[in-house]
Amino acid sequence: MAKQGNSSLTSPIDSTSVAMLRQLDQYEPDLTVPTATNIDNIISGIAKDEKEIYEQALINFVVKEHKTFDICETQGATQDAQKREQLWKALTNLAAKTDDNNLLVVVFTVFRILSRDKQSVSKLATPEWMDLMISHIGLNSQTFEYSDDTLCKIEEGQKVVWNVLFNSKKLVNESPNNGLLDKLLDRMSLYDKVRIPDAIKYYDAQFIFYLTTSSTDVRRVVEESNGLPLLITVLKVVLKEASESGPSSSLPVVLDNRKADIACESLKALFSITLTSSGRDEKVKQYRELVDILRSYLVASTASLDKTWQLRRSCINMLVNIPAKCYRNLITPVAQSTSLPKSLQFESHNMIIIHEILMFLEAHFMEKLPVTNQLEQFAPVLSVLLKGVTTHRPIRKYLRTQILPPLTEMDKRPEETDTIRGHLCKLLTSPITQLRDLAAELLFVLCKCNVNRMIKYTGFGNAAGLLAQKGLLGGKKDAAEADYSSGSEDSETEEYTEQRHLLNPVLGCVDKPHPDPMAGMSDEQKEYEAVKLAQRIDELSKSGIIQPCRVGSDGKPQPIKHILELQEGLTANNDDSNIFLLTGTSLL
């Protein structure tokens, strides 16, 4: 018997099987027939042209094995492997000579089940077989008729080709030479001229994404074949078709789940082909056009919240590869007749896209993601925000009002507040260095590269890592600070002014009074505790767990070899804030 996959048939005929039965509804599946017998009947029936025998066997096989991933009757022994090859050839011969679309759907379903086997697929999917599939899924003719009669056959055929490519690196590498890639691109160029069903568009986009991700050669071919403008056109077609079926063209577009899937796959394919592309001048115009399209997708809604977040994520990932100078197109002038809320208007700019990106980040902060998932979820959106604030003043000023509003409550440490600022401060001590650096750089730019302002909003303990990297621990000013205007927008609130003298700059909040731990101790007891502390620090230092440091002339921490070097530093600077303890490479 065949081994079943993760799920097994819970009833004699389930919903998927019923869909298959509609193709050859004159037959009643017989699940008592062994799989090996069905395979023999398919092979012999096709060879002898006994239609009733092989069609009945096909229906039996599909209904019984459509969830199977390891068919024992075609695996293992040499005889079983030959049986798989004989079955594949028989089905190929049948698909080559029949024009019955209902029969082809069932044949392709058997192909799909067989193509789940990674070991044999490269051998079975011959160039002749691939040519046959290319023809049946409508890639051989630009005048192919995409009717209801052919749709089910094409969709099932695309699933077969997907399985074959997924299980064979060899066939992926052959796609630029066997016509598959070129003909996929040719069909996608027809999207704005011919009405092609969304189900077909989805698999076409998925093919391009997978092929370009799996092979650098394919990626290069697609890029040289004007893949960027072609995929931009696909995104425009999806928007156009969605707006035509929507209630009003003036409202943000609403995408059904299938159109959202097409857009996501197209964006992922775009991400793949632009991954290594430079922002050459001739592409800037295309990138600006793409940003204009992304604006529409970033405010679009879908049939489900999950799809909406998936679409947002794909747009943000795509923005990572777009040159920062094109981000200017994310914000547009506010029209006089607009009904845009005042909160989304800033210095006569429409900030709804920046707001949506920020809300996407905040929503993920609220999910309390485990550390292992944080890089994938946070890094793209932080990269996009950082590129925006670094290159475009209105974006920086708007995000500063949203992320670093004037301080009114200083009772909690910055990282303990349930705000975007608080969550970013938590990332400043993240063990994921890439994430930590992105969050630190974003906050530093929002603080106009001003050290004092950075400490004010994050606390010195959180900011120390960034300041150490930039050589700003010794009180130096960052060179980039001169690029920003004066601190007129950094007005201090009444609450901050009243409590400023109580703030602990290391913690970034008001330090509540603590009982004196040495109260009631004699001088001898205090001296004893001090000596014991020094001994423990010396033990940790000798074991390599910590290393005493002082701030060097470059503003960065420098390890010392002897404790007396600290005294020299104190004498020179008369400032005990220059003493640090390092654990490994992280500043404590």
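Cut-offs applied
Residues numbered from 1 in each chain as written. Predicted model: local features only at pLDDT ≥ 70, side-chain atom pairs only at ≥ 80, totals over all residues. Heavy atoms only, no water. Helix = DSSP H or I, 4+ residues; strand = E, 2+ residues; numbered from the N terminus. Buried < 20%, exposed > 50% of the residue type's maximum accessible area, 1.4 Å probe, protein only. Contact = heavy atoms within 4.5 Å. pLDDT = per-residue confidence, 0-100. Phe/Tyr/Trp six-rings, centres within 6.5 Å; stacked < 30°, edge-to-face > 60°. Lys NZ or Arg CZ within 6 Å of the ring centre and 35° of its normal. Salt bridge = Lys/Arg side-chain N within 4 Å of Asp/Glu carboxyl O.

Draft legend 1. Up close: the overall build of the protein. The number of helices and strands found in the protein is 26 helices and 13 strands. Residue burial in the protein is summarised as follows: out of 588 residues, 49% are buried. The contacts of the protein with a sequence gap of at least 6 include a subset with a gap of at least 24, amounting to 72%.

Draft legend 2. Structural view of the confidence of the model for the protein. With 85% of its residues at a pLDDT of 70 or more, the protein shows a mean pLDDT of 84. For the protein, the element scoring lowest by mean pLDDT is strand E13 (residues 586-587), at 36; helix H14 (residues 257-273) scores highest, at 96. Confidence over residues 574-588 falls short of pLDDT 50; this stretch has 36 contacts with residues more than four positions distant or in other chains.

Draft legend 3. The packing of aromatic side chains, seen in detail. Counting across every chain of the model gives 13 aromatic pairs. Aromatic side chains Phe111 and Trp129 sit 5.7 Å apart centroid to centroid with 75° between the ring planes, which places their arrangement in the edge-to-face category. Of this pair, Phe111 sits in helix H5 (residues 101-114) while Trp129 sits in helix H7 (residues 127-136), placing them 18 residues apart in sequence. The buried category is assigned to Phe111, whose relative accessible area is 0%. Relative to Tyr146, the ring of Phe144 lies with its centre 5.1 Å away and its plane at 55°, an arrangement referred to as tilted. With respect to burial, Phe144 and Tyr146 carry one shared label: buried. Lying across the ring of Tyr191, Lys201 places its NZ or CZ 5.4 Å from the centre. We note Arg258 situated over the ring of Tyr202; from NZ or CZ to the ring centre the distance is 4.6 Å.

Draft legend 4. Quick look at the pattern of salt bridges. Counted by the stated rule, this structure contains 28 salt bridges. The shortest N-O distance in the salt bridge between Asp192 and Lys193 comes to 3.4 Å. Under the relative-accessibility criterion, Lys193 is labelled exposed at 62%. A salt bridge links Lys532 to Glu529; its shortest N-O distance comes to 3.7 Å. Separated by three residues within a single helix, Lys532 and Glu529 lie in helix H25 (residues 523-543), roughly one turn from each other.

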